[in-house]
Amino acid sequence: MAIIDVKNLTKTYYTYRRGSGFTAVLKSFFRRERVCVNAVQDVSFQVEEGEIAGILGPNGAGKSTTIKMLTGSLYPTSGYISVMGYTPYRDRKTYVNHIGAVFGQKSQLIWDIPPIDSFHMNKAIYSIPDKEFRKTLDELTGMFGLEDVIEKPTRVLSLGERMKCEFVMAMLHRPKIVFLDEPTIGLDVIAKQRIRSFIREMNRHGVTFILTTHDLEDVEQLARKVIIINHGKKVFDDTLQNLKMNLGAKKIIRLVLTKPMAEIKLGGIKVIEKNSDFEYTLEVSLENSSINTVVKQLAEMCEFSDISIKELPMEKIITEIYENKDVQ
Amino acid sequence: MMNFVLKKLKVIWAVALVTYKEWSAYRTHAMVSIFVGPVYFIVQYFIWSAVYSGKTSLNGLELSEMLKYFGVTTLIGYLTMDFADWNLQMLVRTGKFLTFAIRPIHHRFFALSQKIGHRVLGLLFEFLPCLFIFTFVFRVNLRPANYGWAVISVILAFFMNLYMNYLIGMTAFWLVQASGVRSVYLLLQSVFSGGLVPLVFFPEALQKVLLFLPFQYVSYVPAMVFIGRYTLGNISLPIPQIVGLQALAVLITALVNELVYRLSMKRFTGVGA
Amino acid sequence: MLKKYLLIYFECIKISVSTAITYRLNFLLDNFIMIVSNILFPLVTLLIYGSGAEFPGWSLYEVLLIQAVFTMSTAVANIFFNGLLWATMHHVIDGSLEIVLIKPVDCLFYLIASTVDFSSTSLLIGGIIMFAVALSHVGAVTALMVLQFIVLFLAGVCVMMGISLIMAATSFKWVGNSRLPEIFNSIKYFGRYPQNIFPKAISAFTSFIIPVAMIGYFPAAALLGEADVTAFAIILPCLAFTAAGVLLFRHMVHLYEGVGG
């Protein structure tokens, strides 16, 4: 059952171009050049209930704009959005009772007081009954191990602790859908892992997550469905598996040689990096031969003391998609 | 209906509590008023005592009433001031206003709850200590001519200030550099609210203009209600009437406020922040 | 050595001016706010006299003279010293005073020099205009009176500097209390009016202990031919007050260095 249904979503802004320099600014008082920005163009997708969907895209691609329209805080220029049967921007006042959101850079926590007090404030705002509040609070703080942390003023907490509290605050009212805008930005590796396992755990309880991110590991570890938006247009909408298989079967092979080779030339092999005559990083296309054959061929050509075989890194896949707009 | 009211009260309580806690972390902040208020009053005391030598009445006010005026405007200030304009502007500028758009709460209601929390602190750490100092140390008579009307007038001033400041704060939705507007407004307010000197000291022509502006309802009107007589621009009104007028002014400001709020939210959801 | 400091100061002024030009609109706005918010108390004086009352023994222009001098002194202090408080508070809160301390110049000098701020230029101009107007209505002024005025005015500026220093020094302890200026500004109020309206106890305090009366009253009195020995005797407390400010500030920096912020 699709819990989110988006059809032909479009958002166009008009901004005004002001020049720099005194005369240009003066002129702009009288006549301003209108610039049309197509932030989101004709985007359609669906998200199933209980899914984790990742929205990727370079800066300025239109991800945040899309999320804002999904949360009802921005209305579209045209198109159709339905989330849990609501039209977000039209039904906002009732709709927001059922969603949670964490915006990476914009905190809901109040700076000078402990998170627990901010939580109580949301309890009143969302009209959460006492018993339920206690239960959810204990469950969420337990998952993060935040019992002591929530009693300290927010300003003394580390970024990781604050982010975790941010998640708790967004989910106290047990929303069915949670929107995340760059949730792991600026966090250290351990904090990121904790947040990701929290998201997975909550997802197992049935919560649907939509997250926008730059961090490809977020996508790899969490998303089953991946949507890529570039220049306001959707350029990819499929499962993570298919994303990886997208650029054809390719592998990355790193070799450390015992005997130096001036070059390595082989059909279907591209040298990506050469640190010296002893260290090579190769990109291997498996369209026409199997990995077995390629490794045999390499073993005949050179003598190596170390070999590692990896998948094409996500970055490369994404970058290629960003750069060719019509890959599907 | 009952449920609705109860829910609203719960929100006010929660937000006010949070705001109270937030600011009581800065108790010394509030306590500065305990020094500044009395010092300011002392200076006013000697100025007006000197100015009144050889005169019983000036612009319709006696010396004791002048002193009452300055004492009362200072104390009322502790109960009615707020930073709603600054808070809202900061939320819009930093983009944090978004976190309110995605929660089921009307932001102005949130601002009201915040103000209640703050002013409870103001009551405890500014109003009460200064009241004590003015009444028992300086021996100024601050008793209102009529307690009932005085309380009502102060409550109306509380709301008037909130609605006016909130209106100014909402300019942040429309102008990128709204701080200029804010500064001009604050300046006008500080002079024409009567906080500097009773409005009857201004030229009569100006007083007639001030009759139609909202500034007087924040300080001048409640102060005059305490003194028991209201005059402006050569027009005198009995206390019940001026309080009624004040209530009307608050109502009008509230309506304008709601109108601008709806327009602002439309703009916010159209353009984003 | 002196030359080096003069050069640095000159550079700082250049930077302040070019910043003002770059952010023209802000600069104009700040100037507008500064002048309007600081001429409210002379406005009250005008209203008082306009209502047919007066400060006994003082004509309108005589009182305005005191307030004009106070305004000019405020403007000078705002331009040259007031940045010190905010810079110090900012450094203490961010823990970034080290950045200043590792420079090969005196810390206090650097903070004062780098915070020169011309947003009070309009206030200075306004004060001078008010001063000229008031002066033209108060009777003959001799060269001696002008000399006395200059000496006392400078003493008043020293008091302003002392207050800035003490405020900045206390901000080390009372970190982040942005209402600190209000406390000191409220004491300055006493310097805006003829001293004879205050009881002896208060005017003794405002002359000898925290000599705010030197900011407006005494220099103006000189131009009215009323500067007596007392006025000059008060120069001593003024200088002592300023010296105390410098010592206190240096002491706080020393403590900061010991604790590391």
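Since we're looking at a predicted model, the values are computed, not measured. (Residues numbered from 1 in each chain as written. Chains lettered and ligands numbered in written order. Predicted model: local features only at pLDDT ≥ 70, side-chain atom pairs only at ≥ 80, totals over all residues. Heavy atoms only, no water.)

### Observations regarding the overall build of chain C
A count of helical and extended segments in chain C gives 14 helices and 0 strands. Helices and strands appear in chain C in the N-to-C order α-α-α-α-α-α-α-α-α-α-α-α-α-α. Taking 2.2 N^0.38 as the reference for a compact globule, 261 residues should give roughly 18 Å; the C-alpha atoms of chain C span a radius of gyration of 19 Å, in line with that estimate. With respect to the three principal axes, the spread of C-alpha positions in chain C is 55 × 40 × 35 Å. The buried share of chain C, taken over its 261 residues, is 52%. Here the contacts in chain C between residues at least 6 apart in sequence split such that 80% fall between residues at least 24 apart. Accessible area for chain C stands at about 11,900 Å²; split by element, carbon and sulfur atoms hold 73% of it. Of note, chain C has its 11 positive side-chain charges centred 7 Å away from the centre of its 12 negative side-chain charges. (Helix = DSSP H or I, 4+ residues; strand = E, 2+ residues; numbered from the N terminus. Rg over C-alpha atoms; globule rule 2.2 N^0.38 Å. Buried < 20%, exposed > 50% of the residue type's maximum accessible area, 1.4 Å probe, protein only. Contact = heavy atoms within 4.5 Å. Areas by Shrake-Rupley, 256 points an atom, 1.4 Å probe, with all protein chains shown as cover. Lys, Arg positive; Asp, Glu negative; His and termini not counted. Charge placed at Lys NZ, Arg CZ, Asp CG, Glu CD.)

### Here we look at the packing of aromatic side chains
What the rule picks out here adds up to 37 aromatic pairs over all chains. Consider the rings of Tyr 166 of chain B and Tyr 261 of chain B, whose centres lie 6.5 Å apart with planes at 35°: the pair is tilted. Taken together, the residues Tyr 166 of chain B in helix α7 (residues 147–170) and Tyr 261 of chain B in helix α11 (residues 239–271) connect sequence positions 95 residues apart. You'll find Tyr 166 of chain B and Tyr 261 of chain B in the same group, each marked buried. Grouping aromatic residues by their ring pairs yields a cluster made of Trp 48, Tyr 69, Phe 70, Phe 201, Tyr 220 and Tyr 230 of chain B. Residue placement shows Lys 115 of chain B over the ring face of Phe 158 of chain B; its charged tip is 4.3 Å from the ring centre. One Lys or Arg, Arg 192 of chain C, reaches over the ring of Phe 41 of chain C and ends 3.8 Å from the middle of that ring. (Phe/Tyr/Trp six-rings, centres within 6.5 Å; stacked < 30°, edge-to-face > 60°. Lys NZ or Arg CZ within 6 Å of the ring centre and 35° of its normal.)

### Some remarks on the interface of chain B and chain A
Contact with chain B, which involves 28 residues of that partner, is made by 31 residues of chain A. Overall, the association of chain B and chain A removes approximately 2,600 Å² of surface from exposure, summing both partners, and the carbon and sulfur fraction of that is 65%. Looking only at chain B, the three residues that lose the most surface to chain A are Ile 102, Arg 103 and Pro 104 of chain B, adding up to 25% of its buried area. For the interface between chain B and chain A, the tally reads 0 salt bridges. Taken together, the links from chain B to chain A amount to 5 residue pairs in polar contact (both at pLDDT 80 or more). For the side of chain B that touches chain A, the secondary-structure elements that each account for two or more residues are α1 (2–24), α5 (98–101) and α11 of chain B. When residues of the side of chain B that touches chain A are assigned to their parent elements, the largest contribution, 8 residues, is made by α1 of chain B. (Buried area = accessible area lost by both parts, 1.4 Å probe. Salt bridge = Lys/Arg side-chain N within 4 Å of Asp/Glu carboxyl O. Polar contact = N/O pair within 3.5 Å; in protein donor to acceptor, adjacent residues only side chain to side chain.)

### Structural notes on the domain arrangement of chain A
All names here are of chain A. Looking at the assigned domains, one finds that chain A contains domain 1 (2–9 + 41–245) and domain 2 (249–323). Here domain 1 and domain 2 have C-alpha centroids that lie 39 Å from each other. When the two sides are added together, the surface that domain 1 and domain 2 hide from each other amounts to roughly 880 Å², 77% of it contributed by carbon and sulfur. Three residues stand out in domain 1 for area buried against domain 2, namely Leu 216, Leu 243 and Lys 244, and they jointly supply 47% of the buried area on that side. (Domains from an automatic or database assignment.)

### Structural notes on the pattern of salt bridges
Residue and element names in this part refer to chain A. In total, this model carries 30 salt bridges over all chains according to the counting rule given. The salt bridge involving Asp 218 is made with Arg 196; its shortest N-O contact spans 2.7 Å. Of the two residues, Asp 218 is situated in helix α8 (residues 216–222) and Arg 196 in helix α7 (residues 189–204); the sequence distance between them amounts to 22 residues.

### Remarks on the environment of Lys 115 of chain B
Residues and elements named next belong to chain B. Along the chain, Lys 115 turns up in helix α6 (residues 107–137). Residue Lys 115 is classed as buried on the basis of its relative accessible area of 2%. As a C-alpha pair, Lys 115 and Thr 56 span 59 residues in sequence and 40 Å in three-dimensional space. Those residues in contact with Lys 115 that lie beyond four places of it in its chain are Thr 80, Met 81, Asp 82, Phe 158, Asn 161 and Leu 162. A distance of 2.7 Å separates polar atoms of two side chains, one belonging to Lys 115 and the other to Asp 82.

### Side note on the sheet that holds strand β10 (residues 250–257) of chain A
All names here are of chain A. What the 4 strands build is an open sheet, ordered β11-β12-β10-β13; its pairing is antiparallel. Single-partner strands in this sheet number two, and they are β11 (269–276) and β13 (304–311). Between one strand axis and the next, the sheet turns through 15° on average, direction left out of account. Bridge analysis of β10 against strand β12 (residues 279–285) gives 7 bridges, and the strand direction is antiparallel. Note that in β12 the partner of Leu 255 across the bridge is Tyr 280. (Pairing = 2+ DSSP bridges. Axes fitted to C-alpha atoms, helices over the stretch in contact; angles between N-to-C directions.)

### Re the packing of α7 of chain B against helix α8 (residues 179–192) of chain B
Pairs of packed helices are described in terms of their axes, by the angle between the two and the distance that separates them. All names here are of chain B. Remark: α7 packs on α8, axes separated minimally by 10 Å, with the N-to-C direction vectors making an angle of 155°. As far as their axial angle goes, α8 and α7 are roughly antiparallel. Both α7 and α8 take part in a crossing whose hand is right-handed. Two secondary-structure elements touch here, α7 through Asn 161, Met 164, Asn 165 and Ile 168 and α8 through Arg 182, Tyr 185 and Gln 189. When the residues that make up the contact of α7 with α8 are grouped by side-chain class, the tally is 3 nonpolar, 3 polar and 1 charged. (Parallel < 35°, antiparallel > 145°, perpendicular 65-115°, else oblique. Left-handed = near helix turned anticlockwise from the far one by under 90°. Nonpolar A, V, L, I, M, F, W, Y, C, P; charged D, E, K, R; others polar.)

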